[in-house]
There are 2 protein chains.
Amino acid sequence: MAAISGGKTYHHGDLRNALICAAVDLATEGGPERVVLREAARRVGVSPTAAYRHFDGRGELLRTVKTHAQRALADSMERAAAREPGADDPALAAERRLAALCRGYVGFAVAQPGLYRAAFCVVRQAGPDESAPECRMPEPEIRAFTLFGEALDALARAGAPRRDVRPSAGAAAWSAVHGLSLLLLDGPLRRLPAQRRNAVVETTLAMVVTGARIP
Amino acid sequence: MAAISGGKTYHHGDLRNALICAAVDLATEGGPERVVLREAARRVGVSPTAAYRHFDGRGELLRTVKTHAQRALADSMERAAAREPGADDPALAAERRLAALCRGYVGFAVAQPGLYRAAFCVVRQAGPDESAPECRMPEPEIRAFTLFGEALDALARAGAPRRDVRPSAGAAAWSAVHGLSLLLLDGPLRRLPAQRRNAVVETTLAMVVTGARIP
DNA sequence: TGCCCGATGTTGACCGCATGAACATTCCGG
DNA sequence: CCGGAATGTTCATGCGGTCAACATCGGGCA
């Protein structure tokens, strides 16, 4: 993520991207609260206010980082699922895939705490229009949720959960891994030794999978 | 929480408490990030630096609020459980109590988003001693966890989960309600209409309970 | 009783950050 | 080749955290 630039000219040439990279680095190092406009500008070697030519302000910069982090999270999930060996029994395969997605999720959170927190941080909106229309589904751009949903669908096709529970089931699975991740990162489970932490993760996974299996 | 004071003297008389109240109000209104030393002092009608006679700085003030919020959360859980009617079947009673605790948990989060977030916010430590000794259990002062643990114990005594899963099972249940709360508050489930939100909550509860029931 | 010290507040100052206004430098299309 | 649009810069304002020096109060001891 650390970009290098050669000659110094008055015009940077790709400041927007450079700032994004710097901001992502900052978030990676210390989470969303460390995404500071001035610091990003400093790292890129540009004056603080230059950023305003490319972003509405700190808010928009952070939102960009957030999007990046959400993508990275989903990627981690897909990679984990791809590593998972298949199975003849479709139900078993579906369960394995669900578990792998969960592991990819928590794995990303633990490996990239700063980015993970950035992926879910709250960013002040531009307009004070708090009254966005209600939304049936979670913010659509969250691919992580889509992945859980699809996995649960597959499980359903293999005969497991009641049809009418979906898509709530996706949200339930998501809740479990999200809560687990946060408790492990900055929450009260932060100091668990690795082995005990693993136990907690596996227990939670079991809860998710059996919760999806049993009507 | 809003305190009134009578005559104005140079010495306030109970500044520490007054500041805490103001800070809790702030957190209630806008979460931990709105707990601002200067603002708390302003509300109490005192100069900003006066707070330093009673707190190490913003950090300690916030930590105090956090503790308060954790207590309030646990109280909400216990109240919800107390409202729950008993049952003849001990296993059923145990399941009901667990569900009630969860509802009390999520209910608090939804009713007091600011306080809830404050209860789990990260506060910079005084010394940079990142290397606290590893801890087998979650931070002991978190009564919420204790409550989940006890409820699962009761369920275990009624014959449900495998012995060896505890206390991981407590963490799993906690993860589910914690993640659910956060997704509902500022997360991607924030805009769900009330009815759909209820469905998600109930589905998650079912996951927690069946997850605890099935070995 | 009266005075002095420590506890408690206050002022003033410094630093970092977000953000806006006015000014400077490039670059590119006509 | 030139002028305006892009893109950066400097200057200034306001907020928040925190420190040092100074002011005030109140209670205990001589």
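Quick caveat, the model's predicted, so the values are computed rather than measured.

**Comments concerning the overall build of chain A**
- Counting its secondary structure elements, chain A contains eight helices and zero strands.
- Counted from the first residue to the last, chain A has its helices and strands arranged as α-α-α-α-α-α-α-α.
- When burial is assessed residue by residue, chain A has 49% of its 215 residues classed as buried.
- Taking the contacts inside chain A whose residues are at least 6 apart along the sequence as the reference set, 70% of them involve residues at least 24 apart.
- Of the roughly 10,600 Å² of accessible surface on chain A, 51% is carried by carbon and sulfur atoms.

**Some words on the side chain of K66 of chain B**
Residues and elements named next belong to chain B.
- Mapped onto the secondary structure, K66 falls in helix α3 (residues 58–83).
- There is a polar contact of 2.7 Å between the side chain of K66 and the backbone oxygen of C121.
- When neighbours within four sequence positions are excluded, K66 is seen to be in contact with A118, A119, F120, C121 and V123.

**Things to note about the relation of the copies chain A and chain B**
- Relative to chain B, chain A is turned by 180° and slid 0.0 Å along the rotation axis, the superposed coordinates differing by an RMSD of 0.0 Å. Classification of the inter-copy transformation places it as that of a two-fold axis.
- A share of 100% of interface residues in chain A that are also interface residues in chain B marks the association as one of identical surfaces.

**Let's talk about the nonpolar core**
- Core analysis: the biggest nonpolar cluster contains 141 residues, and L98, Y105 and W174 of chain A together with L98, Y105 and W174 of chain B have the highest contact counts within it.
- Discounting chain neighbours no more than four positions away, the residues touching W174 of chain A are Y105, F120, P138, I142, F145 and F148 of chain A together with L183, P188 and L189 of chain B.

**Observations concerning the interface of chain A and chain B**
- Taken together, the contact between chain A and chain B spans 43 residues of the former and 43 residues of the latter.
- Together, the buried faces of chain A and chain B total about 3,700 Å²; carbon and sulfur atoms form 67% of this surface.
- When the area that chain A buries against chain B is broken down by residue, the three leading residues are P188, R191 and M207 of chain A, summing to 18%.
- Across the chain A-chain B interface, the total number found is zero salt bridges.
- For the pair chain A and chain B, the interface holds zero residue pairs in polar contact (both at pLDDT 80 or more).
- At the level of secondary structure, the elements contributing two or more residues to the side of chain A that touches chain B comprise α7 (168–185) and α8 (194–213) of chain A.
- Of the residues forming the side of chain A that touches chain B, the biggest block, 13 residues, is contributed by α7 of chain A.

**Here we look at the confidence of the model for chain A**
- Averaged over all residues, the pLDDT of chain A is 89; the fraction at 70 or higher stands at 87%.
- Within the model, the stretch residues 2–7 of chain A combines pLDDT values under 50 with one contact to residues more than four positions away or in other chains.

Thresholds, definitions, all that
- Residues numbered from 1 in each chain as written.
- Chains lettered and ligands numbered in written order.
- Predicted model: local features only at pLDDT ≥ 70, side-chain atom pairs only at ≥ 80, totals over all residues.
- Heavy atoms only, no water.
- Helix = DSSP H or I, 4+ residues; strand = E, 2+ residues; numbered from the N terminus.
- Buried < 20%, exposed > 50% of the residue type's maximum accessible area, 1.4 Å probe, protein only.
- Contact = heavy atoms within 4.5 Å.
- Areas by Shrake-Rupley, 256 points an atom, 1.4 Å probe, with all protein chains shown as cover.
- Polar contact = N/O pair within 3.5 Å; in protein donor to acceptor, adjacent residues only side chain to side chain.
- Least-squares fit on C-alpha atoms with pLDDT ≥ 70 in both.
- Core = buried A, V, L, I, M, F, W, Y, C linked by side-chain atoms within 4.5 Å.
- Buried area = accessible area lost by both parts, 1.4 Å probe.
- Salt bridge = Lys/Arg side-chain N within 4 Å of Asp/Glu carboxyl O.
- pLDDT = per-residue confidence, 0-100.

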